[in-house]
Amino acid sequence: MDHDTPVQAPARGPLDRSRLGADFVAHTGLSKVLIVDEIGSTNTELMRLAGAEAEEWGDLGVLVAENQTQGQGRLHRPWESPSGASLAVSILLRPHGPSGRPLPTQSYSWFSPLAALALREALAGVAGLESALKWPNDVVVGGLKVSGILAHLAPGVHGEPPAVVLGTGINVSLTKDELPVPTATSASLAAGRPVDRTSLLVAYLEEFARYYRAFCAVHGNADAALLGGQTLLSRVQDATITLGRRVRVELPGGRRLEGRATGLDGHGALQVVEDGGERHAVSAGDVVHLRPADGGYA
Ligand code: BT5
């Protein structure tokens, strides 16, 4: 491209709300979809609503913002979502098994990977993209982050266990100039063609509801066959590119581990074998994929 040519942002229309109305809610089994024009953080607002308007916000209530101004990442890091070019969506979960019993809270660590699997299917179906999970909460295409997922606990109702707010930020049509960090990409940049935000949101919510219902049907057991096929644990293992790699893990307290990521345990924690042979199960941290030969960044 000629350097003097202004970079044209792709058309950024609002979401097509007619595709996310009552029919959509009924066929997916969601309890509601609320789309707001602007919000600080969909996760923060949905956590508030889960307590303040508990009767109106049941399992699988969805809050979407056209423009999110104070998106949150883990550890209070910022999540940037240029208006109209990204999706900011939070789903409230009050998970129950087939017997009506609440799911064990130990199973909650599987909701982020469940969302990542759903998004993976949506990206494949809508944009023809092959994506992968980078432990713990990123969806990447060609090693670059197209989405980040963040789960928070929210108030339970009537003495029940806490609810979960599961937030997903998706870079849909950001141009190269708009990417907030060099490790990011967008669906349209990766696909090399425009990707429709509404179609991606619809597909993501459909897939998420399908996986979530199946997971609730097996009472949150990641080792049970899901949807008549592989277990959730093995689906997530297969989709996670961190496994089998040399990694550096930055733990929340500032400690670091370096070694080989060998697998996930039954709670989704990353198993890391340090060079000296010491084994660790890491439930929270940031991972840098290292190149095997020179220890540089991959
Ligand atoms: C995450 O945190 O990746 C979780 C992001 C969750 C965002 C959603 S949007 C809907 C819902 N409402 C919210 O308020 N949040 C959720 P983490 O792994 O900590 O990554 C944050 C880091 O990613 C930042 O420090 C930046 O380096 C980078 N980053 C920020 N914006 C990005 C973007 N749009 N694409 C890729 N990387 C980004």
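The shown structure was predicted, so the numbers you read here are calculated from the model rather than taken from an experiment. (Residues numbered from 1 in each chain as written. Predicted model: local features only at pLDDT ≥ 70, side-chain atom pairs only at ≥ 80, totals over all residues. Heavy atoms only, no water.)

Colleague: For the site of the ligand, give the residues involved together with the corresponding values.
Modeller: Close to the ligand lie 26 residues, the nearest being Ser41, Gln72, Arg77, Glu80 and Lys145. At a separation of 2.8 Å, an oxygen atom of the ligand approaches a polar backbone atom of Gln72. The side chain of Arg77 places a nitrogen or oxygen atom 2.9 Å from an oxygen atom of the ligand. In isolation the ligand offers 790 Å² of accessible surface; the protein chains occlude 92% of this area. With respect to the pocket detection grid, the ligand is positioned in the largest pocket. At the level of elements, α2 (42-52), β3 (71-72), β4 (78-79), β5 (86-93), β8 (144-154) and β9 (163-171) are the ones that each hand at least two residues to the shell around the ligand. A per-class count over the shell around the ligand returns eight nonpolar, 14 polar and four charged. (Near = heavy atom within 4 Å. Polar contact = N/O pair within 3.5 Å; in protein donor to acceptor, adjacent residues only side chain to side chain. Areas by Shrake-Rupley, 256 points an atom, 1.4 Å probe, with all protein chains shown as cover. 1 Å grid on protein atoms, 1.4 Å probe; cavity = no way out; pocket = protein on both sides within 12 Å on 5 of 7 lines; lining within 4 Å. Sits in = over half its atoms within 2 Å of the grid points. Helix = DSSP H or I, 4+ residues; strand = E, 2+ residues; numbered from the N terminus. Nonpolar A, V, L, I, M, F, W, Y, C, P; charged D, E, K, R; others polar.)

Colleague: An account of the domain arrangement of the chain is requested, with residue identities and associated values reported.
Modeller: Each assigned domain of the chain is listed with its residue range as follows: domain 1 (17-236) and domain 2 (242-292). The straight-line distance from the C-alpha centre of domain 1 to that of domain 2 is 25 Å. Across the interface of domain 1 and domain 2, roughly 1100 Å² is buried in total on both sides, 55% from carbon and sulfur atoms. If you sort the residues of domain 1 by the area they bury against domain 2, Trp110, Lys134 and Trp135 come out on top, with a joint share of 57%. The interface formed by domain 1 and domain 2 contains two salt bridges. When contributions to the side of domain 1 that touches domain 2 are tallied by element, the ones reaching two or more residues are β6 (132-134) and α6 (232-239). Classifying every residue of the side of domain 1 that touches domain 2 gives seven nonpolar, two polar and three charged. (Domains from an automatic or database assignment. Buried area = accessible area lost by both parts, 1.4 Å probe. Salt bridge = Lys/Arg side-chain N within 4 Å of Asp/Glu carboxyl O.)

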